[in-house]
Each structure stands twice: as structure tokens, then as C-alpha cells.
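Results of the structural survey
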Amino acid sequence: MVRHGGGRGWHGRVLAAALGVTAVAAATSVWTAQADPAGGRHARPGVSAHPATPAAGAQGSARTAVPQSIVHASDRGPRGVNITIDDGPDPVWTPQVLQVLRDNGVKATFCMVGPQAQAHPDLVKAVVAAGHRLCDHTVSHDTGMDHKAQSYQSQQITDAERMITEASGGVRPVYYRAPGGAFTPYSRALAASHGMRPLGWNVDSKDFERPGTAAIVATVQQEVSNGPTILFHDAGGDRSQTVAALRQVLPWLKQQGYSFGFPAVR
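Quick look at the structure, then. (Residues numbered from 1 in each chain as written. Predicted model: local features only at pLDDT ≥ 70, side-chain atom pairs only at ≥ 80, totals over all residues. Heavy atoms only, no water.)

Topic: the packing of helix H2 (residues 93–104) against helix H8 (residues 240–255)
Going by this rule: Only the contacting stretch of a helix is used when fitting its axis, a line to C-alpha atoms as for every element, and angles between N-to-C directions run 0 to 180 degrees. What counts as a helix is a DSSP run of H or I of at least four residues, what counts as a strand is a run of E of at least two, and both are numbered from the N terminus. Throughout this description, any angle smaller than 35 degrees is read as roughly parallel, any larger than 145 degrees as roughly antiparallel, any in the 65 to 115 degree range as roughly perpendicular, and the remainder as oblique. In this scheme the crossing of two helices becomes right-handed for a clockwise turn of the near helix relative to the far one and left-handed for an anticlockwise turn of less than a right angle. Residue contacts are counted whenever heavy atoms from the two residues lie within 4.5 Å of one another.
For the pair H2 and H8, the least separation of the axes is 10 Å and the interaxial angle reads 15°. Compared by their axis directions, H2 and H8 come out roughly parallel. Two packed elements cross with a definite hand, and for H2 against H8 that hand is right-handed. In this structure, H2 uses Trp93, Gln96, Val97, Val100, Leu101 and Asn104 to contact H8, whose residues at the interface are Ser240, Val243, Leu246, Arg247, Leu250, Pro251 and Lys254.

This is the structure in C-alpha cells:
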């Protein structure tokens, strides 16, 4: 998987907001994470060849565990595609994305950043009410979290899960997507123990880079044969190109004989 390019400034603002949220929530979730002091790519503190299994009494452990492997497949079979929408919800762009999905009769998976969900619970509830699925996309959207301690990874995943669940009115995320694909054996095991299947992607539409609507559409058309899970964004800046591209891509996929489903949970 590739790391997301660009948008670092926005991710920095998300991180700053997330730190504030974590401080407010300190009574229920203590920040014990420490970044890799060496900052190295080779030594990964807290990540071992045999990651610790999350404790049986951990938050969310009442949920049925799911496989730890990163899923790409669609529950609609070989001609199924999964539309996934990352980084929201956003008060400007998420409603527009929801409208395009509604107009085309398509259900999607929304990978939400915890503080964004907490700030816009009405949008989280609207996503759920429309029949879409929720995905945990961490608290801070830290694309380097695979180089951080297990305690930090745990805080990022479980705090976001709590924020999204509370914002939705009690509907929990079905999946966990690591920012930029920064999965670790530990983060996959932890998410799976909370009933969240690790979620990858096959087609990066590159919409985050705002290359133009035509370029986004062309990328999807050229790369959909790589696999069923397609990555778009509904936050992190001007997403008008994404909305316009979805208006073209969704009917085109139908014309090619694809059906729309969700990533396979098991």
C-alpha cells in the first residue's frame, strides 16, 4: 500500500485537534503513548514479531473477533466493488458525497477520523441512517503510527472507535483502516479483537491530490481491474473534484457490470 501524499498541513491540524480531544477525555482514556525516540525506520518500539494479544477485558472485546488479515475483497463477489470514503465527516463535502451515493443507489464505507466524527455527530448519524458502514480511521491520521509504540497505536484506534460509536448513537465501526496503510501486526490484532476488520484498498483514486476530475475518473477506470476496493476522500480540503468524479464513476462502474457492496468482514 502506498502512503497518502500531500495534505500534511491538514493532517497536522487534525493532530492538534486530536491532542485537545484526548486531553479533555483524559478521565476515561489516559494517553500513555510515546513516539519512537529514535525516529528510525528499522527499530519499531512496541512492535514485535509476536505482538501481544489484547486483553480479554479490553474495551469492545464483547464484539466477535474478526480475521486480522487486511481485507480487499467485496462481499458481492468477483464483480463487486467497494466504495470507501476517508478522513471525514466534513460539513461541506460529506453531505454532497451522501447525495451522489443516494442518487446512484450505492452504499459505501466511511472511514472516519475520531475528532471529525465527534465534531459532527449529525453527519455520522446521517451516514448510518443511509445504510452505509463505519470504519475507524484513528484519532490523528498519523501515517507514521506504524513506527510508534503499541500504547500509542492502541490509543489511536480505541479512542477513535469510542468517538465514532458515541457520535453515531451506538453504532460501532465495522472496519479499521490505518492512515496511509500504516498497519502493524499489533494494530491489526487489536482492531480485529474489537470486531473491526483491517481494511486496505486496491485503487487509490488520487483524489486527495486534486489532479482534476478527469484524472480521478481515468485512474479508477484504468485501475479497477487491480481489485474491488476504491479509495476516495470527503475531507482534508476542497473535495469538489471527488464529488464530480463520483458522479461519473458510479454510473460507469454500473455500465461495466459491477455491483456495489461492502468489504468482506470474514
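Describing the packing of helix H7 (residues 213–223) against H8
Which entries qualify depends on this criterion: Residues were grouped as follows: Ala, Val, Leu, Ile, Met, Phe, Trp, Tyr, Cys and Pro as nonpolar; Asp, Glu, Lys and Arg as charged; and all remaining residues, including Gly, as polar.
The interhelical angle for the contact between H7 and H8, taken along N-to-C directions, is 40°, at an axis separation of 8 Å. In this structure, H7 meets H8 at a crossing whose hand is right-handed. Note on element contacts: H8 touches H7 through Gln241, Thr242, Ala244, Ala245, Gln248, Val249 and Trp252, opposite Thr213, Ile216, Val217, Val220 and Gln221. Of the residues contributing to the contact of H7 with H8, the split by class is seven nonpolar, five polar and no charged.

A few points about the pairing of strand S3 (residues 133–136)
Short version of the rule: Only when DSSP finds a minimum of two bridges between them are two strands counted as paired. The handedness of a crossover follows from its direction of travel: if, with the strands pointing away from the viewer, the path from the first strand over the helix to the second runs clockwise, the crossover is right-handed.
Judged from the four bridges that link them, strand S2 (residues 109–112) and S3 form a sheet pairing that is parallel. Looking at S3, one finds that Thr109 is bridged to Arg133. One ladder, built from two bridges, connects S3 with strand S4 (residues 175–176); its direction is parallel. If you follow Cys135 over to S4, its bridge partner there is Tyr175. Following the backbone out of S3, through helix H5 (residues 150–168) and into the adjacent parallel S4, one traces a crossover that is right-handed.

These figures come from the coordinates and say nothing about function on their own.
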